[in-house]
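Observations on the model geometry
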Amino acid sequence: MKVAVFSLHKFEKDYLLSAAKGKHELILLEPQLSLTTAGLAEGCKAVCIFVNDDGSKDVLKKISALGIKYMALRSAGFNHVDIKKAYELGMRVARVPEYSPYAVAEHTVALMLALNRKLVVAHNRIRDLNFSLNGLTGFDMHNKTIGIIGTGKIGKIVAEILHGFGCRVLAYDIMQDDIWANKYGVVYGSIDNVCSQSDIITLHAPLTEQTKYIINRDRIAKMKKAVMLINTSRGALVNTKDVIIGLKSGQIGYLGLDVYEEERGLFFEDHSSDILQDDVIARLMTFPNVLITSHQAFLTDTALHNIAVTTMENLDCFEKGEECKNELMP
Ligand code: NAD
């Protein structure tokens, strides 16, 4: 099958070509899928997209008119695709629900440790031959209280790792898993209870109408003073402007982000020769207690291999007209 692969990054190219194994003809395209670039899919039967491509109603109508029957997402999240519209257009859509929850969970803990022990500041100092320890004091993770919002695949692994550190783990989820929680000493509570008691709060819920801005001015006000907030899930779980106010007042003591609500067009790209137009992320980058990575939590060899293999399996099912276990339904 001829597949237009949008947002192709150098880091994933070899994994995709190897997984396609000559079964699918991949048209490798660097641009993101959008109304402007949709025409590049002409002549293909499927499109394959990444997290920041535009799968909104108008784009779907345009690619459907070009003859696109299938959409394979190289991601677990699917908030960027109008699944209902795709279904109405008769377009089958599948995602990669799980490729390595360990990759994301481990990156989440890496952000926590790097912020706590001020590793970036320390590294930069040493390069300037400044071997002073002043200002680098951290805290023991042991015995600290961690609040996990969303105990699905990734949230659970974060909880298990931190249980291993000797942390007290609290959690909030609309679907509690009490058997798992008992095994790791995790205590479920309301979101406000979890937020008010935790030294570190980490977000692992999908972006939905209910979770948009789940971290906002009111909730930040109820958190412990100098709380650490980590978001490796989806940018819009957090109201970034409210978080900046929290950072300025010291209510938020540390912020680790792998995702950002306005990351489309910014993350994954080299903008080092451009003038930064986004004043919100520009302000965030001025805080010494903020650590931002560019949506790289998933980026391990294991995850890239699994994403490529599952994506090709999804396309195989579609081509054969078979049921696909990773298909998204409205
Ligand atoms: P999952 O579906 O396994 O788990 C999500 C959990 O959130 C579920 O337990 C669900 O019940 C819970 N949830 C849903 N709505 C909720 C609400 N309103 N309040 C509280 N909990 C709610 O998902 P996952 O694979 O663990 O992924 C978690 C997040 O990580 C997603 O946002 C996903 O998009 C993101 N993610 C990020 C990266 C990255 O590279 N940064 C990679 C993969 C996934």
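So, a few notes on the structure that sits alongside this text. (Residues numbered from 1 in each chain as written. Predicted model: local features only at pLDDT ≥ 70, side-chain atom pairs only at ≥ 80, totals over all residues. Heavy atoms only, no water.)

Attention shifts here to the overall build of the chain. Looking only at helices and strands, one finds 12 helices and 12 strands in the chain. Its C-alpha atoms give the chain a radius of gyration of 21 Å, within 12% of the compact-globule value 20 Å for 330 residues. Counting only C-alpha atoms and orienting by the principal axes, one finds that the chain spans roughly 60 × 50 × 35 Å. Each of the 330 residues in the chain was classed as buried or not, and the buried ones make up 51%. (Helix = DSSP H or I, 4+ residues; strand = E, 2+ residues; numbered from the N terminus. Rg over C-alpha atoms; globule rule 2.2 N^0.38 Å. Buried < 20%, exposed > 50% of the residue type's maximum accessible area, 1.4 Å probe, protein only.)

The next point concerns the sheet that holds strand β11 (residues 252-257). Taken together, the 7 strands give an open sheet; going across it, the order is β8-β7-β6-β9-β10-β11-β12, and neighbouring strands pair in parallel fashion. The sheet terminates laterally at β8 (187-188) and β12 (290-292), the two strands that pair on one side only. Bridge count between strand β6 (residues 145-149) and strand β9 (residues 200-203): 4 bridges; the pairing is parallel. Bridged to Ile146 within β9 is Ile200. Packed onto the sheet, helix α6 (residues 153-164) meets β6, β7 (168-172) and β9 and runs at close to 170° relative to β6. Lying over the sheet, helix α10 (residues 240-249) contacts β10 (227-231), β11 and β12, oriented at roughly 140° with respect to β11. (Pairing = 2+ DSSP bridges. Contact = heavy atoms within 4.5 Å. Axes fitted to C-alpha atoms, helices over the stretch in contact; angles between N-to-C directions.)

Our focus in this paragraph is the packing of aromatic side chains. Each aromatic ring pair is summarised here by two numbers: the centre-to-centre distance and the angle between the ring planes. Taken as a whole and judged by the stated rule, the model has 7 aromatic pairs. The interplanar angle of 65° and the centroid separation of 5.1 Å between the aromatic rings of Phe50 and Phe268 together place this pair among those described as edge-to-face. Placement of the pair is Phe50 in the loop between β3 (46-49) and α2 (57-65) and Phe268 in the loop between β11 and α11 (279-284), with a sequence separation of 218 residues. Among the residues examined, Phe268 registers a relative accessible area of 17% and is labelled buried. Taking 6.1 Å as the distance between ring centres and 45° as the angle between the ring planes, the aromatic pair formed by Trp180 and Tyr184 counts as tilted. Within this pair, Trp180 and its partner Tyr184 are both found in helix α7 (residues 178-184), separated by 4 residues, close to a single helical turn. Looking at Trp180, the relative accessible area reads 8%, which means it is buried. Each member of the aromatic cluster is reached from another via a ring pair, and the members are Phe11, Phe50, Phe268 and Phe298. Sitting over the face of the ring of Trp180, Lys156 holds its NZ or CZ atom 5.5 Å from the ring centroid. (Phe/Tyr/Trp six-rings, centres within 6.5 Å; stacked < 30°, edge-to-face > 60°. Lys NZ or Arg CZ within 6 Å of the ring centre and 35° of its normal.)

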